[in-house]
Amino acid sequence: MLHKLSVRNFAVISYVEFSPKPGLNVFTGETGAGKSVAISALGFALGARGSVSLIKDGADQLEVQAEFDVKAVSPALRQKYASGENTLVLRRTLDRKGKSKAFINRQAVSAAALAELGRELVDFHGQHEHQSLLHTDIQLRLLDTYARLLPLREKTAAAYHQWRQAQERLEAAQMSEQEKARLLDLYTFQLQEIEKVRPQPGEDTELEQKLPQMKHAGRLLELAGQAYQRLYEEENSATALLGRALHQVHEMAELDEHTAAVAEKLEHAQTLVNDACADLSAYQSTLNADPQTLDDMLSRHEKLKRLKLKYGPELTDVLHKEEELKTQIDNLQNSQLHEEELLRREQKARAALGKQCQELHARRVQAAQELAKRLIHEITPLGFKGLLFEIAVEMDEENPEPDGADRVEFLFSPNPGQAPRPLALAASGGELSRVMLGLKTVLAGEIPVMVFDEVDSGVGGRTATLVGEKLHAVAQGRQVLCVTHLASVAAWADAFFHIEKSTDGQKTDVSLTPLTAQEITRELARMLGAASDQDKTALLHAQEMRRRTQAARAA
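Now for a quick tour of the structure. Within each chain, residue numbers correspond to sequence positions counted from 1 in written order. This being a predicted model, a pLDDT of at least 70 is required before a residue's local features are given, and a value of 80 or more before pairs of side-chain atoms are given or counted; all residues contribute to the totals for chains, interfaces and linings. Side-chain figures throughout are based on the complete set of non-hydrogen atoms in the structure, without hydrogens or water.

Some thoughts on the overall build of the chain
So, point 1. Tallying secondary structure elements over the chain gives 19 helices and 15 strands in all.
So, point 2. Here the C-alpha radius of gyration of the chain, 34 Å, is well above what a compact globule of 555 residues would show, namely 24 Å.
So, point 3. Counting only C-alpha atoms and orienting by the principal axes, one finds that the chain spans roughly 105 × 85 × 45 Å.
So, point 4. For the chain, with 555 residues in total, the buried portion stands at 43%. Each helix corresponds to a stretch of at least 4 residues labelled H or I by DSSP, and each strand to a stretch of at least 2 residues labelled E; elements are numbered beginning at the N terminus. Only C-alpha atoms enter the radius of gyration; for comparison, a globular chain is expected to reach 2.2 Å times N to the power 0.38, where N is the number of residues. For the exposure calls, accessible area comes from a 1.4 Å probe over protein chains only, and a residue counts as buried if that area is under 20% of its type's maximum, exposed if over 50%, partly exposed in between.

Right, here's the structure in full:
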């Protein structure tokens, strides 16, 4: 689980540090106080994309550090990133130049490494994520995640791309001679345009680094030569003056040993000046002020630039295009020689893809039934009566895609007597939130930390209490971080954190404070609409709400 999160110069936060407890950790505060910012910071530490705009005004860089129990990740990742350690310390920084650095237990790693760990450590539910449930492609991926079909999807995607390549070659063989000739002329012209320049990997970057030096080579040579003369060659050069002074101080040291330290400093200075002279001499030898060389480099840079504009945007894209054109030209030139062979290969690739799609379909149908049952079990207690939930899996064998030939759709009916309909047509915002809570509960598996940023959006009254109870149940045996505006959800917390934004008119800052039992009551009263800290009615209501949830938790 998460032991500690430290956030520095992230958005409106100067510095906050907190240690969530096992169970349900609730974060409350006024709208705009920065509750979701703290959650975003955790995501950044786990490899999420960052932006320079996240750096707090006036700061040079942001930093987020998250400490986890090393036992929270699989043995394979433990061995890979934290062999022999008891704690996983993930740290990430981002500076104004957009340069990001990532560390795991003081070892520099990539953001991808943080993301690899993050997938096993934390499951996030963002503020508006429940809206993604309205998209059938997301529904398909959720089903495949539940059924652990992502490896099979990758194999299907590979089979799809092999079939498409075979299909394109066959189509090239079957097109008219006039169309072949037109495409052959076009591809040949484009290939010759690239081959004429003969770009090399990384060449553009190397030129961009060298050109500034080449443009100013004459002036740089002049300045380096003048500096070298004054340091070494002139009669009163720095080395000559230092040599005389050092000789005199050595004589002083023979008369007074206390001046020996001065001699040591002068010897050190003399060494540094000599090193600087050697560096200047070496630097001059690297400079090339030849105008023709500069013209050649500028011309080369312009040619590469034109290729990138036409076939880029990066030079790697140009090189990829070169190989692609060679393949296309070969297909066109040899199409008549092996049309029957191409047809046989296309049919074989199509059959292989069909087999993959059939396997995916069968496993999806089975998983859809299981997931629907589990989801009904999870969300029925959240204020639903007579709930129906189905997952339709329909196969279109004639139109396969990289993820198979299935169209998956979640069908939902919250009320008795209503036939299930697509979520987009049947579910309100609050119902979507509860469906997503159920899905997250089912899909989280063994992930030790779950984050819910306003999962209670669109719910209220008795339903909000049921959502709080559900979050408390989900938090048993794991750690849940929950941002909420609802007192009836917050009352179920094992740990309570209040986030507050303050300003002095010049700058804005955010504080995060763990609350005592008495402070929890006052915060719940505020969330219930208390007119002030002295609103006795709201305070009594908050006390009773907390008492009831504590009794229910203990039962």
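Continuing now.
Notes on the pattern of salt bridges
So, point 1. Between Lys or Arg on one side and Asp or Glu on the other, a salt bridge is scored when a side-chain nitrogen of the former is within 4 Å of a carboxyl oxygen of the latter. By the definition in use, this model includes 28 salt bridges.
So, point 2. The salt bridge involving E179 is made with R182; its shortest N-O contact spans 2.8 Å. Of the two residues, E179 and R182 both sit in helix 6 (residues 177–197), 3 residues apart, roughly one turn of that helix.
So, point 3. Using a relative accessible area of 29% as the deciding quantity, one classes E179 as partly exposed.
So, point 4. Measuring nitrogen to oxygen at the nearest pair gives 2.9 Å for the salt bridge that ties K308 to D204. Linking K308 in helix 11 (residues 291–311) with D204 in helix 7 (residues 203–215), this pair joins segments that are 104 residues apart in sequence.

Things to note about the sheet that holds strand 5 (residues 87–95)
So, point 1. Any two strands between which DSSP finds at least two bridges are classified as paired. Across the sheet, which stays open at both edges, the 6 strands sit in the order 2-1-4-5-6-7 with antiparallel pairing between neighbours. For this open sheet the edge positions go to strand 2 (13–18) and strand 7 (107–109), each flanked by a neighbour on one side alone. Shown here is a sheet whose adjacent strand axes are inclined to one another by a mean of 15°, direction ignored.
So, point 2. Of the strands in this sheet, strand 1 (2–10), strand 2, strand 4 (61–69) and strand 5 touch helix 1 (residues 35–45), which is tilted by about 105° from strand 1. Each axis is a line fitted through C-alpha atoms, and for a helix only the stretch in contact is used; angles between axes span 0 to 180 degrees, taken between their N-to-C directions. In what follows, a contact means two residues having at least one pair of non-hydrogen atoms within 4.5 Å.

Quick notes on the sheet that holds strand 10 (residues 406–413)
So, point 1. The antiparallel open sheet is built from 3 strands, whose spatial order is 9-10-11. Each edge of the open sheet carries a strand with a single partner, namely strand 9 (388–395) and strand 11 (421–422).
So, point 2. Of the pairings in the sheet, the one linking strand 9 to strand 10 comprises 8 bridges and is antiparallel in character. Its bridge partner being in strand 10, I391 is matched across the sheet by F410.
So, point 3. Sheet strands touched by helix 4 (residues 136–146): strand 9 and strand 10. Its angle to strand 10, the strand with the most contacts, is close to 95°.
So, point 4. Running over the sheet, helix 13 (residues 339–379) touches strand 9 and strand 10 and is turned about 175° from strand 9.

Let's talk about the pairing of strand 13 (residues 479–483)
So, point 1. The buried fraction of strand 13 amounts to 5 of the 5 residues, a majority that puts the element mostly inside the structure.
So, point 2. Neither face of strand 13 is exposed, since Q479, L481 and V483 on one face and V480 and C482 on the opposite face are all buried.
So, point 3. Pairing analysis gives 5 bridges linking strand 3 (residues 23–28) to strand 13, with the strands arranged parallel. Within the sheet, the bridge partner assigned to N25 lies in strand 13 and is L481.

Quick notes on the side chain of Q356
So, point 1. Summarising the element assignment, Q356 is placed in helix 13.
So, point 2. On the basis of relative accessibility, which here comes to 14%, the residue Q356 falls in the buried class.
So, point 3. Sequence-distant contacts of Q356, defined by excluding residues within four places in its chain, comprise L152, K155, T156 and A159.

Here we look at the layout of surface pockets
So, point 1. Any residue with an atom within 4 Å of a point lines the site, the site being either a cavity, points on a 1 Å grid over the protein atoms alone where a 1.4 Å probe fits but cannot get out, or a pocket, an open set with protein on both sides within 12 Å along at least 5 of 7 lines. Grid points are joined across faces, edges and corners, and a volume is the space filled by probe spheres set on the points. In this structure, the largest pocket spans a volume of roughly 1,200 Å³.
So, point 2. Lining the largest pocket are 31 residues, with R119, D123, T145, L443 and I447 sitting closest to its centre.
So, point 3. Breaking the lining of the largest pocket down by element, the ones donating at least two residues are helix 3 (111–121), strand 8 (122–125), helix 4, helix 5 (150–174) and helix 15 (429–443).
So, point 4. Tallied by class, the residues present in the lining of the largest pocket amount to 15 nonpolar, 6 polar and 10 charged. Charged residues are taken to be Asp, Glu, Lys and Arg, nonpolar residues to be Ala, Val, Leu, Ile, Met, Phe, Trp, Tyr, Cys and Pro, and polar residues to be all remaining types, Gly included.

Thoughts on the packing of helix 4 against helix 13
So, point 1. Contact geometry for helix 4 and helix 13: axes closest at 9 Å, N-to-C directions at 90°. Classified by the interaxial angle, the pair formed by helix 4 and helix 13 is roughly perpendicular. Across the interface between the two elements, L140, L143, D144 and Y146 of helix 4 pack against R364, A367, A368, E370, L371 and R374 of helix 13. Oblique is the label for any angle not covered by the other classes, which are roughly parallel (under 35 degrees), roughly antiparallel (over 145) and roughly perpendicular (65 to 115).

Quick look at unusual backbone geometry
So, point 1. A cis amide bond links G312 to the next residue, P313, at an omega of 25°.
So, point 2. On the secondary structure map, P313 appears in the loop between helix 11 and helix 12 (315–333).
So, point 3. Although it is not a glycine, A11 adopts a positive phi angle of roughly 60°.
So, point 4. By the element assignment, A11 lies in the loop between strand 1 and strand 2.
So, point 5. Judged by its relative accessible area of 24%, A11 is partly exposed.

As for helix 18 (residues 517–527)
So, point 1. Of the positions making up helix 18, those classed as buried are I520, T521, E523, L524, A525 and M527.
So, point 2. Those residues of helix 18 hidden inside the fold are in contact with strand 3, helix 17 (487–490), strand 14 (495–503) and helix 19 (536–554).
So, point 3. Just downstream of helix 18, G529 is the residue with a positive phi angle, here 100°.

Here's the deal with the environment of N86
So, point 1. By the element assignment, N86 lies in the loop between helix 2 (75–81) and strand 5.
So, point 2. Among the residues examined, N86 registers a relative accessible area of 66% and is labelled exposed.
So, point 3. Distance from N86 to A113, taken between C-alpha atoms, is 18 Å for residues 27 residues apart in sequence.
So, point 4. Those residues in contact with N86, other than ones at most four positions away along the chain, are D69 and V70.

Some details on the packing of aromatic side chains
So, point 1. Think of it this way: a Phe, Tyr or Trp ring, Trp meaning its six-membered ring, pairs with another when their centres are within 6.5 Å, and the plane angle makes it stacked under 30 degrees, edge-to-face over 60, tilted otherwise. Here the structure, examined in full by the defined rule, presents 9 aromatic pairs.
So, point 2. On the numbers, 5.9 Å between centres and 85° between planes, the contact of F384 with F412 is edge-to-face. Taken as a pair, F384 in the loop between helix 13 and strand 9 and F412 in strand 10 lie far apart in primary sequence, 28 residues in all. Judged on exposure class, the residue F384 and its partner F412 are both buried.
So, point 3. One aromatic cluster is present, formed by F384, F389, F410 and F412 through successive ring pairs.
So, point 4. Think of it as a cone above the ring: NZ of Lys or CZ of Arg counts as a charge over the ring if it is within 6 Å of the ring centre and within 35 degrees of the ring normal. The ring of F103 carries R91 above its face, with NZ or CZ at 4.3 Å from the centroid.

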